[in-house]
Amino acid sequence: MVVSTIMKAAKNGKITEEMLLVAKDEKVSVQKICRRLAKGTVIILRNACRKNGHPIGIGRGLRVKVNTNIGTSLDLCDLDLEIKKAEIAVRYGTDTLMDLSTGGNLDESRRKILASVNVPLGTVPIYQAAIEASRKRGSIVHMTEDDIFNVIERQARDGVDFMTVHCGVTLHIVRRLAKHPRLMGIVSRGGTFLAAWMLHNQKENPLYSNYDYLLEMASKYDFALSLGDGLRPGCIFDSTDWYQTQEMLTLGELVERARIAYIQTMVEGPGHLPLNDIQANVRLEKSICKEAPFYVLGPIVTEVAPGYDHIVAAIGGTIAGLYGADFLCYLTPSEHLGLPSLEDVKEGVIAARIAAHAVDIAKLGKKAATLDLAMAKARANLDWQKQFECALDPEKAKKIRDRANLKTQDTCSMCSQYCAIKILRNMLRAEGQCL
Ligand code: SF4
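My aim in this report is to walk through the structure given alongside it, one point at a time. Along each chain, residues carry numbers from 1 onward, in the same order as the chain's sequence is written. It should be noted that, the model being predicted, local features are given only for residues of pLDDT at least 70 and side-chain atom pairs only at 80 or more, the latter also being counted only at that level, while totals for whole chains, interfaces and linings use all residues. No hydrogens and no water enter the side-chain calculation; it runs on all heavy atoms of the structure.

Let us now look at the overall build of the protein. Per the secondary structure count, the protein includes 19 helices and 10 strands. In summary, the protein has a C-alpha radius of gyration of 23 Å against a globular reference of 22 Å for 435 residues, a match within 12%. Based on the C-alpha atoms only, the size of the protein along its principal axes is roughly 85 × 50 × 40 Å. Summarising the internal contacts of the protein: among those between residues at least 6 apart in sequence, 72% fall at separations of at least 24. Here a helix means four or more residues in a row that DSSP labels H or I, a strand means two or more in a row labelled E, and each is numbered from the N terminus. The globule rule is 2.2 Å times the number of residues to the power 0.38, and the radius of gyration it is compared with is taken over C-alpha atoms. In this description, contact between two residues means that some pair of their heavy atoms is separated by no more than 4.5 Å.

What follows is the structure in structure tokens.
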């Protein structure tokens, strides 16, 4: 049993192994990591139980991180396929995974995923509590408060590193929503499970009313809380409305209570937002939630691109990152349409990585752009092998170059013998100069 959390260690100025590893990864001094951890502006997902597991830092002054959601559903319940998705996501650079399984044996899914990968793993325990209640008692509204906390403890014991908990979906908000609906209602699955339970039982959200107990459990197992945005806008027309903002105010209070109990906390954010609302939403979170790391789901900036929502989210994620979001949840081409395929997972991770990397270059400068410099040099040298090595997706880059019947091997099929780089290089060489 963990008797002292990593945040408590930081508050006491104690440097831990995880802090040293994160400082090395991020090229930031360990004292800075320790100070920010103590304040709560940085969290470390400890990855405590995984063999060769590597802790990940998220928050102020650190590289923007990417999360990949995987997990079974009732219609597509193939655990081996989900594990392959986890492996592909890790291969293409995800920093964390979340197991959102809702089909099959949920304990088995989580444990097998934990055993298969070495990145930090997150879960949404209300899914399992609601699904087990539905299986045992016929409906999610018959879930008990103990069901929820038993699942949280079971998942924590397995070594889950962070949990999404929709503590800010309160009875007051849900009652108002029932009387004055918004266009897309509640689109968060966890938020909807809790809202249905609260309206049926006319009781407060157990994750809110028993928040101190949740903090005790987080302290015992030292997992981080990801305060879920159950009332995130599900379309750009619900963006930044009363429901979303009211939930954010509650989350701000819960962040402060968690910090007093030495529990690491991040806050989840929208959702669907028009591009011009993103800056205000990030500022709002940073101000109300006292600079807690901001984990954004998208944002999705237009409704009309099903099949391409990974691109839509990468656009929103880039803008959010530029204004201070710390952690991007990937979206795939299957978003709003179905459970993603292996190829969808790969495309989703790469799109989110592009967004995160673009933000890192803008915010951290040269230290985030070493691979970009290597790529630029390889392009200037027409060194194709080196270009593939620098690419986020080397196989795709090589496949595109190789599909042409190249007449000139050192150029590409775009300009062939009229290659601008080659012409200038040859001319400068003839003149006895070099670039
Ligand atoms: S052929 Fe054209 S596109 Fe291809 S490397 Fe040369 S300049 Fe670039």
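From this point, the narrative continues.
Each neighbour pair has its own omega, and for G298 with P299 the value is -10°, a cis peptide bond. Mapped onto the secondary structure, P299 falls in the loop between β9 (294–297) and α14 (309–323).

Note on pairing: two strands pair once DSSP finds at least 2 bridges between them. With parallel pairing, 8 strands are arranged side by side around a closed barrel as β3-β4-β5-β6-β7-β8-β9-β10. Going across the sheet, the axis of each strand differs from the next one's by a mean of 25°, ignoring polarity. Relative to strand β6 (residues 162–165), strand β5 (residues 121–123) is paired through 2 bridges, and the arrangement is parallel. Residue T123 lies in a different strand from β6, and its bridge partner there is M163. The angle between two axes is taken between their N-to-C directions and runs from 0 to 180 degrees, where each axis is a line fitted to C-alpha atoms and a helix contributes only its stretch in contact. Its contacts with the sheet place helix α15 (residues 342–364) against β3 (65–70) and β10 (327–329), and it is angled at close to 160° to β3.

Before going further, it helps to examine helix α2 (residues 17–26). Turning to α2, its buried residues are E18, M19, V22, A23 and E26. When α2 is viewed along its axis, its buried side chains cluster within an angular range of 130° and face the same direction. Exposed residues lying more than 90 degrees from the buried face of α2 are E17 and K24. On its buried side, α2 packs onto α1 (6–11), α3 (30–39), β1 (42–45), β2 (56–59) and β3. Two residues or fewer past α2, K27 is found with a positive phi of approximately 55°. Classification of residues uses two cut-offs on accessible area relative to the type maximum, computed with a 1.4 Å probe and protein chains only: under 20% is buried, over 50% is exposed, and between them is partly exposed. The arc in question is the one spanned by the directions pointing from the helix axis to the C-beta atoms.

Mapped onto the elements, S226 comes out in strand β7 (residues 224–227). Residue S226 is classed as buried on the basis of its relative accessible area, which comes to 0%. As used in this structure description, the phrase polar contact means that two N or O atoms lie within 3.5 Å; if the pair is within protein, one of them must be able to donate a hydrogen and the other to accept it, and residues adjacent in sequence are counted only when both atoms belong to side chains. Here the side chain of S226 touches E268 through a polar contact of 2.6 Å, side chain to side chain. Excluding anything up to four places from it in sequence, S226 contacts F162, M163, T164, V165, M266, E268 and Y295.

Purely geometric numbers; function is a separate question.
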